[in-house]
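Examination of the molecular architecture
For reference, the chains in residue letters:
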Protein chains: 2
Amino acid sequence: MVPFEIEGDGPSRRRLILAEATRIFLEKGFSATAMSEVAKASGIQKASLYHHFPSKEALFVACATNGFADALADLEAIRNDPDLGDDDRLRRAVDAVYRINLDSACGQMAPLIAEVSRTIPTVARAFYEGFIYKQHIVMGGIIDDGLARGSFVTRERLGLEQMIFGPIVSLALEREMFAAFDDVDAVRPVDQIREEHATLLLRLMKGDTETTRATRVPKGAP
Amino acid sequence: MVPFEIEGDGPSRRRLILAEATRIFLEKGFSATAMSEVAKASGIQKASLYHHFPSKEALFVACATNGFADALADLEAIRNDPDLGDDDRLRRAVDAVYRINLDSACGQMAPLIAEVSRTIPTVARAFYEGFIYKQHIVMGGIIDDGLARGSFVTRERLGLEQMIFGPIVSLALEREMFAAFDDVDAVRPVDQIREEHATLLLRLMKGDTETTRATRVPKGAP
DNA sequence: GTCTATACAAGGATAGAC
DNA sequence: GTCTATCCTTGTATAGAC
């Protein structure tokens, strides 16, 4: 019933509630989710929910800050794999970021965080520091290593990071926006986009800067 | 009080309600917005709201589908300006897409559409067809013209479009996510990102493909 | 078109027995 | 830890006078 794992080894009842609540929050949003529905899905009475979580807000925070470590594990393993060349490492890291943001529960949380950002600011902070920022750190390390080894050549570090994460984060948002469409993939075919995205990124990072600069000044050139 | 214009020349009271409702929806989301608050902000009684809009849902649909034409006008003018070179045209179009998605009310609606996508599917469809799809069409036309004139060289059209819109759409989402932060621009400095983004895009489209392919096979090279 | 008053449902949260 | 029962607030929406 729940398509993802809830991490931790606490009491199983609590974990079941977290899983069901996460699923319903993702489907309906924070405000539109009723505690009674979470209770029903978890097979207990509404009042019993309040034994495990003191409030709806606390339940949401628990859902929204759960599973960070699991979701990021793949990416960190790729960063530390000594057998990978820099190009392969980057390509695999991009694939991992797609999985993290499109397939994991945390990734799908992003639009929800936007919804509650002003009423529960702490959850936005936790989401940023524990999930988003860490992805940028790991990816930044991969790029830095490639630069140091001469595999990559690039200025515009900030713009480059945005061109790595932006297309992926926007895909996650658009999936939610078009969730009611008959076939979401017709609007945004993820597999094809992912392939072309990685190809374009590598082309940007393989150091065509000199030739580009040369071809861009035809005016004064002889 | 309301930072953007509501288009149309209907009764001013209706336009005032639309403007205030849009502002509050953007700040609190759909479910968390109360009709009583919209009424108070508009200076009328709650019951009077229902004379202008039959339901909260209808009010939201009106807000979410208002102002498309105004928001897109700049971009369409840039596409049709005969005095622009292709590179300048692209750069200005990118700037326009930043303004459209970050500064206009419609652009800021995106996370909200995600929130209500499943409960009001019609609004997601209207938003896609009237706002998102049209931006892609215009930008696609600009790219096609540049390709036809030989100003641009690129395969991976789909990936390229995602690399144009993705970083911008994700910025809009992240602005909402980090709305409660002290200084959002510290997390994502929009001005710098926009400049680097446009530069990287132009580099991708200026046809370094041959040289890139040449430098990418150093193994067999002497 | 705007108001006052109200119907009616649903939601979050608590009390207290077992 | 879980239950039943209940409190209290808020929300959408309507009725009907002016």
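Before reading further, recall that the structure is shown in the block above.
Residues numbered from 1 in each chain as written. Chains lettered and ligands numbered in written order. Predicted model: local features only at pLDDT ≥ 70, side-chain atom pairs only at ≥ 80, totals over all residues. Heavy atoms only, no water.

1. As for the protein's contact with DNA strand C
Going by this rule: We call a residue near a molecule or strand whenever a single non-hydrogen atom of that residue lies within 4 Å of it. Distance and chemistry together define a polar contact, namely a pair of N or O atoms within 3.5 Å, with one atom able to donate a hydrogen and the other to accept it when in protein, and with adjacent residues in sequence counting only for side-chain atoms on both sides.
For DNA strand C, the set of nearby residues contains 16 residues, the closest of which are A:Met35, A:Tyr50, A:Lys56, B:Gln45 and B:His52. In DNA strand C, the atoms that sit within 4 Å of the protein are 62% sugar and phosphate, with bases accounting for the remainder. A:Lys46 places a side-chain nitrogen or oxygen 3.1 Å from a base nitrogen of DNA strand C. Within the side chain of A:Tyr50, a nitrogen or oxygen atom sits 3.1 Å from a phosphate oxygen of DNA strand C.

2. Thoughts on the nonpolar core
To keep it simple, the criterion reads: Throughout, nonpolar core names a set of buried Ala, Val, Leu, Ile, Met, Phe, Trp, Tyr and Cys residues whose side chains join them through atoms within 4.5 Å. Throughout, exposure labels follow a simple rule: accessible area from a 1.4 Å probe, protein chains only, divided by the maximum for the residue type, with under 20% read as buried, over 50% as exposed, and the rest as partly exposed. Only heavy atoms enter the contact rule, under which two residues are in contact if any of them lie within 4.5 Å.
With 148 residues, the main nonpolar core has A:Leu59, A:Phe60, B:Leu59 and B:Phe60 as its most contacted residues. Not counting the four nearest positions on each side in its chain, A:Phe60 is found in contact with A:Phe25, A:Phe30, A:Met109, A:Leu112, A:Val116, A:Ile120 and A:Val123.

3. A closer look at the interface of chain A and chain B
Here is the rule: Buried area is calculated as the accessible area (1.4 Å probe) missing from two parts once they are joined, with the contributions of both summed. For this analysis, a salt bridge means a side-chain nitrogen from Lys or Arg found within 4 Å of a carboxyl oxygen belonging to Asp or Glu. Elements are defined by DSSP. Helices are runs of H or I of four residues or more, strands are runs of E of two residues or more, and each kind is numbered from the N terminus. Lys, Arg, Asp and Glu make up the charged group, whereas Ala, Val, Leu, Ile, Met, Phe, Trp, Tyr, Cys and Pro make up the nonpolar group; the residues left over, Gly among them, are polar.
Each partner contributes residues to the interface: chain A has 58 residues there, and chain B has 58 residues. For the pair chain A and chain B, the summed buried surface comes to about 5500 Å²; carbon and sulfur atoms form 66% of the total. Where chain A meets chain B, there are 4 salt bridges. Residues B:Arg118 and A:Glu176 are paired through a salt bridge, measuring 3.1 Å at the closest nitrogen-oxygen approach. Between chain A and chain B we count 16 residue pairs in polar contact (both at pLDDT 80 or more) in total. Those elements giving two or more residues to the side of chain A that touches chain B turn out to be helix H1 (12–28), helix H8 (110–116), helix H9 (121–148), helix H10 (157–177), helix H12 (190–205) and helix H13 (209–215) of chain A. Take the side of chain A that touches chain B: its biggest share by element is 15 residues, from H10(A). Its residues assigned to classes, the side of chain A that touches chain B shows 29 nonpolar, 13 polar and 16 charged.

4. A closer look at the protein's contact with DNA strand D
In the vicinity of DNA strand D, 16 residues are found, and the nearest of them are A:Gln45, A:Ser48, A:His52, B:Met35 and B:Lys46. Per the 4 Å cut-off to the protein, sugar and phosphate atoms form 59% of the nearby atoms of DNA strand D. Contact between DNA strand D and A:Arg13: a phosphate oxygen at 2.9 Å from a side-chain N or O atom of the residue. One of the side-chain nitrogen or oxygen atoms of B:Lys46 is found 3.4 Å away from a base oxygen of DNA strand D. Taken together, the elements giving at least two residues each to the surface near DNA strand D come down to helix H3 (46–52) of chain A together with helix H2 (35–42) and helix H3 (46–52) of chain B. Broken down by element, the surface near DNA strand D gets its largest block of residues, 4 residues, from H3(A).

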